[in-house]
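Topology and contacts: notes
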Amino acid sequence: MPNSMNNGAAGGLSTDAREVMIEAREITKSFGDLRVLDGVSLSLHKGEVVAVIGPSGSGKSTFLRCLNHLEIIDSGSIIIEGEAMATTLPDGGAHYVSDSEVRRICRKMGMVFQSFNLFPHMTVLENVIEAPMTVKKLPRNVIVPKAEALLEKVGLRAKRDNYPGRLSGGQKQRVAIARALAMEPDIMLFDEPTSALDPELTGEVLRTMRQLAEERMTMLVVTHEMGFAREVAHRVIFMDNGRIVESAPSSEFFRSPKHERTRAFLGQML
Amino acid sequence: MDYVLSLIGPMAEGAKVTLSLFFITLILSVPLGLVLALARISKWRTLSAAVNGYIWLMRGTPLMLQLLFVYFALPFVPLIGVRLPDFPAAIVAFALNYAAYFAEIFRAGIQSVDRGQYEGSKVLGMNYLQTLRRIVLPQMVRRVLPPMSNETITLVKDTSLIYVLALNDILRTARGIVQRDFTTTPFLVAAIFYLVMTLVLTWFFQRLEKRYAKFDE
């Protein structure tokens, strides 16, 4: 089923009828003298699951972090669901909309980090209801049942009153996913969600992500999990040295990678 | 023994002065210290530098000198010169001084909160104030409890400096009685008063630390 959706969104223009959720064009970003992103462009469509792979230092995490304003781009443009967050000025620099506009636009995206970033002073349930309560001003009695349903979904309802310090890495990451979903985002960004986990704990997190993908969540996943990229992602992007080297439907990507560098990387990973 | 009991009345009067100064100083200097800490880490360089200078001044000169300055010299300072009665003068000097120390404790506490906590809050749509109030400050509180405990215990004892303004706190009361009765027993009683106060504080902070330790990793 996922393969039927692989209609080459990488090159697709108006021929693609599906709604564009993220449109990033020619993103550049440097840390000091080091150019981390060197003209990266991506269109992410509704319901699409895209895996971004590449060696460490290739810029894949930085790219993801640029999309929701955790990093500021030097030039290029970022459009989320048709709304411009950053645009390129004639002089080549990036111009962002106002801070509150950026926050509003970024709320369309949820994010899951490698290091979970749960709030250690709050219980599992409090972690999940915090943002809906403080940001969306939803009353507690409205959000708690929702939060419990989300915790049920990630299999952690029984842990609702535990503090994150008492959870395993896999459980923490599933709470983090539930917490992000509580804000009802249209897009989920995952930044190496399983890289900090013991190998035996990655499965439970990947299962949760797979379930999300089956529910047609739009997902952009930076990962080292080739199994996930192959089986769940519709499209795989390979990045190296701040550029997208190759972008192809996942079956095609793994069957016949076109670029030498992709082949070399896959050779090391598999 | 009867003599010791007879000291308790006047010493308790002195303790009232000590405790008033202690609590009023805390009530004023903790919020002021927090504001200073936030100013110190703000991106606005001028503000940060000004606060830095203030902290240097307050920590770099003796509290006794500041006390004398506020009481004797402040009235002659152009523009801001005011003549304060002795107790308010003491409060001003103590609050300004302790705020500087608290500011540094709070700053260290705030900066020890992991950057990931800010990012986690940001991607959930929280603004800076919400992040500070809901995420950063509650975590800071736990981390600053041990140094705060230290600092408040020091404050209990520093209150004895107000004898220079002829305010009758525990120690000055004791000294008065020592000179009157030609016995050093009042000093021992004063020591016991201070020890009881610091014991209560120690116990209070230990309880707070325990309460905040429940979410420890």
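Residues numbered from 1 in each chain as written. Chains lettered and ligands numbered in written order. Predicted model: local features only at pLDDT ≥ 70, side-chain atom pairs only at ≥ 80, totals over all residues. Heavy atoms only, no water.

There is a patch of like positive charges on the surface, built from Arg207, Lys210, Arg211 and Lys214 of chain B. With respect to the element layout, Lys214 of chain B can be found in the segment after α8 (185-212). (Patch = residues over 30% accessible without salt bridge, like charges linked within 9 Å, V, L, I, M, F, W, Y side chains within 5 Å. Areas by Shrake-Rupley, 256 points an atom, 1.4 Å probe, with all protein chains shown as cover. Salt bridge = Lys/Arg side-chain N within 4 Å of Asp/Glu carboxyl O. Lys, Arg positive; Asp, Glu negative; His and termini not counted. Charge placed at Lys NZ, Arg CZ, Asp CG, Glu CD. Helix = DSSP H or I, 4+ residues; strand = E, 2+ residues; numbered from the N terminus.)

In the predicted model, chain B carries a mean pLDDT of 94, and the fraction of residues at 70 or more is 99%. Interface confidence in the predicted complex, given as ipTM, is 0.89; pTM for the same model is 0.87. (pLDDT = per-residue confidence, 0-100.)

Moving on: a nonpolar patch on the surface. Residue and element names in this part refer to chain B. Taken together, the side chains of Leu19, Phe23, Ile24, Ile27 and Leu28 present a nonpolar region at the surface, about 440 Å² in accessible area. Position of Leu28 relative to the elements: it lies in helix α1 (residues 2-40). For Leu28, a relative accessible area of 43% gives the class partly exposed. (Buried < 20%, exposed > 50% of the residue type's maximum accessible area, 1.4 Å probe, protein only.)

Further remarks concern the sheet that holds strand β4 (residues 75-80) of chain A. Residues and elements named next belong to chain A. Taken in spatial order, the five strands of this open sheet run β2-β1-β4-β5-β6, and their pairing is antiparallel. On the outer flanks of this sheet lie β2 (34-45) and β6 (94-96), each paired with one strand and no other. Strand-to-strand twist in this sheet, taken as the mean axis angle between neighbours without regard to direction, amounts to 15°. The sheet contact formed by strand β1 (residues 20-31) and β4 spans five bridges and is antiparallel. Each residue of the ladder has a partner; that of Glu23, found in β4, is Ile79. Against the sheet, helix α2 (residues 99-106) engages β4, β5 (83-88) and β6, with an angle of about 125° to β5. (Pairing = 2+ DSSP bridges. Axes fitted to C-alpha atoms, helices over the stretch in contact; angles between N-to-C directions. Contact = heavy atoms within 4.5 Å.)

All names here are of chain A. Applying the stated criterion across every chain, the model contains 28 salt bridges over all chains. Glu152 is the salt-bridge partner of Arg157, the closest N and O atoms lying 3.7 Å from each other. The partly exposed category is assigned to Arg157, whose relative accessible area is 37%. The exposure class of Glu152 is partly exposed, given its relative accessible area of 48%.

All names here are of chain A. Spatial strand order, β7-β8-β9-β3-β10-β11: six strands in an open sheet with mixed pairing. The open sheet terminates on both sides in strands that have one partner only, identified here as β7 (109-112) and β11 (243-249). Recorded for the sheet is a direction-independent mean angle of 15° between the axes of neighbouring strands. Sheet analysis places strand β10 (residues 235-240) next to β11, joined by six bridges and oriented antiparallel. Bridge assignment links Phe238 to a residue of β11, and that residue is Glu246. Across the face of the sheet, helix α1 (residues 60-67) comes into contact with β3 (49-53), β7, β8 (187-191), β9 (218-222) and β10 while running at roughly 145° to β8. Of the strands in this sheet, β7 and β8 are in contact with helix α5 (residues 169-181), which crosses β7 at around 170°.

Quick look at the side chain of Arg179 of chain A now. Turning to its location among the elements, Arg179 of chain A is positioned in helix α5. For Arg179 of chain A, which is buried and forms no salt bridge, the nearest opposite charge comes from Glu130 of chain A, at a distance of 9.1 Å. If we skip the residues at most four places from it in the chain, Arg179 of chain A touches Phe116, Asn117, Leu118, Phe119, Asn127 and Val128 of chain A together with Gly120 and Leu124 of chain B.

Residues and elements named next belong to chain A. Burial runs high along β9: five of the five residues are buried. Covered by surrounding structure in β9 are Thr218, Leu220 and Val222 together with Met219 and Val221, the residues of both alternating faces. Sheet topology note: the β3/β9 ladder contains four bridges and is parallel. Counted as the bridge partner of Val49 is Met219 from β9. The pairing of β8 with β9 spans five bridges and is classified as parallel. Looking at the pairing, Leu189 lines up with Leu220 of β9. In the classification by handedness, the crossover that spans β8, the intervening helix α6 (residues 199-214) and the parallel β9 is right-handed. (Right-handed = clockwise from strand over helix to strand, strands pointing away.)

With 23 residues of chain B at the interface, the matching set in chain A holds 26 residues. Across the interface of chain B and chain A, roughly 2100 Å² is buried in total on both sides, 60% from carbon and sulfur atoms. Sorting the residues of chain B by area buried against chain A places Val123, Leu124 and Phe215 of chain B first, and these three jointly supply 30% of that buried surface. The interface formed by chain B and chain A holds two salt bridges in total. We note a salt bridge from Glu130 of chain A to Arg134 of chain B, for which the minimum N-O separation is 2.7 Å. Taken together, the links from chain B to chain A amount to seven residue pairs in polar contact (both at pLDDT 80 or more). Secondary-structure elements contributing two or more residues to the side of chain B that touches chain A are α5 (115-122) and α6 (128-158) of chain B. With seven residues, the single largest contributor to the side of chain B that touches chain A is α5 of chain B. Residues belonging to the side of chain B that touches chain A are distributed by class as follows: six nonpolar, eight polar and nine charged. (Buried area = accessible area lost by both parts, 1.4 Å probe. Polar contact = N/O pair within 3.5 Å; in protein donor to acceptor, adjacent residues only side chain to side chain. Nonpolar A, V, L, I, M, F, W, Y, C, P; charged D, E, K, R; others polar.)

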